[in-house]
Amino acid sequence: MTYTGEVKVGGPADVHELADLMISKVAVGPMNNNAYLLRCRATDAQLLIDAAAEADTLLSLIGDDGIESVITTHRHGDHWGALAEVVEATGAHTYAGALDAEGIPVATEVLVADGDTVTVGRVSLTARHLVGHTPGSIALVYDDPHGHAHVFTGDCLFPGGVGNTHDDPKAFTNLLDDVEHKLFEQLSDETWVYPGHGNDTTLGAERPHLAEWRARGW
């Protein structure tokens, strides 16, 4: 089956099979959040990005092999609603951006800063700190040695624009600057983008619109 990244709450996961990594995407909760289960194909180690909601759904996706860690992309409650239940059930270690951890009511074991490496089995992800949607949002970049990069952007980048900055011009400028400098300037057009809600996109699809986003202010 060809991966599309189009998932619905209550529906099945969509699985993106890469050479070294399997990415399973599922939609959960009343705000249509995306959660991503990453599985190292060499070791079967697993990592979850955003235990957003519906712990039963996430635990079913994780299966009997469990997970080593859960990374929360930012402090907003719709991204950690099932975190406590998932951690209790799996014993997973918790990761979050250093400046957002205080806003997450489950203790963060590993504080993540810009440029830090997070591993799942033999696969490495690089964290990029993006300021504006929240103070400590992080994106996670997997630079696939067999192809192009893949980036999990939380609520910082979507098809059609950056994340909500609540009509704060400074926050919007900060977020767009960070997204441009740390993602668009560093990664190729083929880079696949996995956002915190809704459908996936690529940097190439969004790149022509950066000036338009800056001009409109959101």
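Everything discussed here concerns the structure shown above.
If you're wondering where the values come from, they're calculated on a predicted model, not measured in any experiment.

**What about the overall build of the protein chain?**
Tallying secondary structure elements over the protein chain gives five helices and 15 strands in all. The C-alpha radius of gyration computed for the protein chain amounts to 16 Å, which stays within 12% of the reference 17 Å derived for 218 residues, consistent with globular compactness. Taking the principal axes of its C-alpha atoms as reference, the protein chain extends roughly 50 × 35 × 30 Å. For the protein chain, buried positions account for 53% of its 218 residues.

**Side note on the sheet that holds strand 11 (residues 149-154)**
By definition, the strands of a sheet pair up through backbone hydrogen bonds, in either a parallel or an antiparallel sense. Pairing in this open sheet of six strands is mixed, and the strands run 8-9-10-11-14-15 from one edge to the other. Each edge of the open sheet is held by one strand with a lone partner, namely strand 8 (117-120) and strand 15 (201-202). Of the strand pairs in this sheet, strand 9 (residues 123-129) and strand 10 (residues 138-143) are connected by four bridges, and their pairing is antiparallel. The residue of strand 10 that forms the bridge with T126 is V141. Its contacts with the sheet place helix 3 (residues 169-184) against strand 9, strand 10 and strand 11, and it is angled at close to 155° to strand 9.

**Things to note about the environment of V15**
Positionally, V15 belongs in strand 1 (residues 14-17). In this structure the C-alpha to C-alpha distance between V15 and A205, which are 190 residues apart in sequence, comes to 21 Å. Filtering out sequence-adjacent residues up to four positions away, V15 remains in contact with Y3, M22, I23 and S24.

**Focus: the pattern of salt bridges**
Throughout the structure, instances matching the rule amount to twelve salt bridges. Among the ionic pairs, K25 bridges to D200, the shortest N-O distance being 2.6 Å. Here K25, found in strand 2 (residues 21-28), pairs with D200, found in the loop between strand 14 (192-195) and strand 15; they are 175 residues apart in sequence, far enough to count as distant. According to the relative accessible area criterion, K25 is buried, its value standing at 0%. The exposure class of D200 is buried, given its relative accessible area of 12%. Here E212 and R216 are joined by a salt bridge, their closest N and O atoms 3.8 Å apart. With E212 and R216 both in helix 5 (residues 210-216), this residue pair falls four residues apart, about one helical turn.

Rules used throughout
Residues numbered from 1 in each chain as written. Predicted model: local features only at pLDDT ≥ 70, side-chain atom pairs only at ≥ 80, totals over all residues. Heavy atoms only, no water. Helix = DSSP H or I, 4+ residues; strand = E, 2+ residues; numbered from the N terminus. Rg over C-alpha atoms; globule rule 2.2 N^0.38 Å. Buried < 20%, exposed > 50% of the residue type's maximum accessible area, 1.4 Å probe, protein only. Pairing = 2+ DSSP bridges. Contact = heavy atoms within 4.5 Å. Axes fitted to C-alpha atoms, helices over the stretch in contact; angles between N-to-C directions. Salt bridge = Lys/Arg side-chain N within 4 Å of Asp/Glu carboxyl O.

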